[in-house]
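# Residue-level structure breakdown
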Amino acid sequence: MIAYEQIGQGPTIILVVGALCSRSTAGARALAQRLSAQFTVINYDRRGRGDSGDTAPYSISREVEDLAALIEATGGHAHLYGHSSGGALVLEAALALSTRVGRLALYEIPYNDSPSAQTVWQAYLADLLPLLDAGRRGDAMARFMTQVGTPEEQIAGMRHAPFWPALEALAPTMAYDHAALLGPNGTVPSARAAAVAQSTLLMVGDASYPFMRDTALRLEAAMPNASVLVLEGQTHDVDAAVLAPVLGAFFSQP
């Protein structure tokens, strides 16, 4: 079962969240609310998160099937917005579902073509996957926190915070987003992106990680109908108040 919420009226937009997020994440809820004045907005829990079920073993095709089911349940056609690694899932859905998918808006998919970044990524996955296989969810979450630059003392404090059990519950989905969707090297999938025909808006924040802009430009070069937009003052945690008008204008185009 895939849990979702539907609000608003108009053309359908499905929000696809990134790693460790669900439909209850504040940013997703705020964005859905703001877009609902113009659109029918579907905010859902990806498999293994929130109130949605899961089926082992994981495969990207199952997640694409989830999106296909949501599209069919809400009229047979939808635009897709993907944040972070959720954007990688959006690209896969666009390839698989063809004309059922309209426009695509992607915010900072964290691919990185830097050779040094690939080495770091491979070391991260080499640590993460055995920890998850051993059921050491807290240690796996801590390893992810280290990967994104969280200080060790802060991680130690977070392990005792009330929200930590909820993070541990989401830990297995890091393998879905990181090992499966972003891939063993974490590099830009230029050949696959080149086959995505939909009009695509690639967004980055000018206060975010510098490599994100390079990634967006590489995707733009590969994709036949893509353009890059830089959002002033935004980090990887983009503000719904800034993002919603941009998405509204883009998804309103014929």
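Sequence positions are assigned chain by chain, starting from 1 and proceeding in written order. Local features in a predicted model are, by the rule used here, given only for residues with pLDDT of at least 70; side-chain atom pairs are given and counted only at 80 or more, and totals for whole chains, interfaces and linings are based on all residues. Excluding hydrogens and water, the side-chain figures rest on all heavy atoms present in the structure.

## Focus on the overall build of the protein chain
Note the following rule: Put simply, DSSP H or I for four residues or longer makes a helix, DSSP E for two residues or longer makes a strand, and each gets a number counted from the N terminus. Computation of the radius of gyration draws on C-alpha atoms, with the globule rule given as 2.2 Å multiplied by the number of residues to the power 0.38. Each residue gets one of three labels from its accessible area relative to the maximum for its type: buried under 20%, exposed over 50%, partly exposed in between, using a 1.4 Å probe on protein chains only. Two residues form a contact once any of their heavy atoms are found within 4.5 Å. Here Asp and Glu are counted as negative and Lys and Arg as positive; His is not counted, and neither are the chain ends. We put the charge of a Lys on NZ, of an Arg on CZ, of an Asp on CG and of a Glu on CD.
Broken down by element type, the protein chain carries eleven helices and seven strands. By the compact-globule yardstick of 18 Å for 254 residues, the protein chain fits well, its C-alpha radius of gyration being 17 Å. The dimensions of the protein chain, computed from C-alpha atoms along their principal axes, are 50 × 35 × 35 Å. In the protein chain, buried positions account for 50% of the 254 residues. Contacts in the protein chain between residues at least 24 apart in sequence constitute 76% of all its contacts with a sequence separation of at least 6. Averaged over its 16 positive side-chain charges, the protein chain has a centre that lies 4 Å from the centre of its 24 negative ones.

## Some words on the pairing of strand β3 (residues 40-44)
Selection rule: Any two strands between which DSSP finds at least two bridges are classified as paired. The crossover handedness rule: strands pointing away from the viewer, path from first strand over the helix to second strand clockwise, crossover right-handed.
Summarising burial for β3: five of the five residues are buried, a large majority. With burial as the criterion, each face of β3 is covered, one bearing Thr-40, Ile-42 and Tyr-44 and the other bearing Val-41 and Asn-43. Pairing of strand β1 (residues 4-7) with β3 involves four bridges; the strand directions are antiparallel. Bridge pairing in β3 links Ile-7 to Val-41. In this structure, strand β2 (residues 12-16) lies alongside β3, joined through four bridges in parallel fashion. Bridging across to β3, Ile-14 finds its partner in Ile-42. Between β2 and its parallel partner β3, the chain crosses via helix α1 (residues 26-35), and the hand of that crossover is right-handed.

## Digging into α1
For clarity, the cut-off: Within this analysis, the arc is defined by the directions that extend from the helix axis to the C-beta atoms.
Three or more residues of α1 are buried, namely Ala-28, Leu-31, Ala-32 and Leu-35. Buried residues of α1, viewed axially, fall in a sector of 100 degrees; they line one side. Within α1, the exposed residues directed more than 90 degrees away from the buried face are Ala-26 and Gln-33. Its buried side turned inward, α1 meets β1, β2, β3, β4 (78-83) and α11 (240-251).

## A few points about the nonpolar core
The nonpolar side chains of a soluble globular protein tend to be buried with one another. What counts is decided by this rule: Working definition of a nonpolar core: buried Ala, Val, Leu, Ile, Met, Phe, Trp, Tyr and Cys residues. They are joined through side-chain atoms within 4.5 Å.
Residues Ile-14, Leu-67, Met-141 and Met-174 are the most contacted members of the largest nonpolar core, which totals 58 residues. Ranked by residue count, the leading element in this core is helix α3 (residues 85-97), at seven residues. Those residues in contact with Met-141 that sit more than four places away from it in its chain are Leu-20, Trp-164, Leu-167, Glu-168, Ala-171 and Met-174. Of all hydrophobic cores here, the second largest spans 21 residues; its members include Leu-35, Val-238, Leu-243 and Phe-251.

## Here we look at the packing of aromatic side chains
For the record, the criterion: What counts as a ring pair is set by centres within 6.5 Å for rings of Phe, Tyr and Trp (its six-membered ring), and what kind of pair is set by the plane angle: stacked under 30 degrees, edge-to-face over 60, tilted for all other angles. Cation placement over rings: the criterion is NZ of Lys or CZ of Arg within 6 Å of the ring centroid and within 35° of the ring normal.
Applying the stated criterion across every chain, the model contains six aromatic pairs. Taking the centre distance of 6.5 Å and the plane angle of 50 degrees together, the rings of Tyr-124 and Phe-144 count as tilted. With Tyr-124 in helix α4 (residues 115-133) and Phe-144 in helix α5 (residues 137-147), this pair connects stretches of sequence that are 20 residues apart. Residue Tyr-124 is classed as buried on the basis of its relative accessible area, which comes to 0%. Phe-144 gets classed as buried once you look at its relative accessible area, which sits at 14%. Geometry around Phe-250 places Arg-103 over its ring, the cationic atom sitting 4.7 Å from the centre.

## As for the pattern of salt bridges
When their charged atoms lie close together, side chains carrying opposite charge are able to pair. Selection criterion: Counted as salt bridges are all cases of a side-chain nitrogen of Lys or Arg within 4 Å of a carboxyl oxygen of Asp or Glu.
Applying the stated criterion across every chain, the model contains 15 salt bridges. A salt bridge links Arg-192 to Glu-92; its shortest N-O distance comes to 2.7 Å. Highlighted residues: Arg-192 in helix α9 (residues 190-193) and Glu-92 in helix α3, separated in sequence by 100 residues. Under the relative-accessibility criterion, Arg-192 is labelled partly exposed at 44%. In this structure, Asp-113 engages Arg-218 in a salt bridge whose closest nitrogen and oxygen atoms are separated by 3.3 Å. With Asp-113 in the loop between β5 (101-107) and α4 and Arg-218 in helix α10 (residues 210-222), this residue pair connects regions lying 105 residues apart in the sequence. Taking the relative accessible area as the measure of exposure, Asp-113 reaches 22% and is therefore partly exposed. A single salt-bridge network, built from bridges that share partners, covers Glu-5, Arg-23, Arg-29, Asp-45 and Asp-51.

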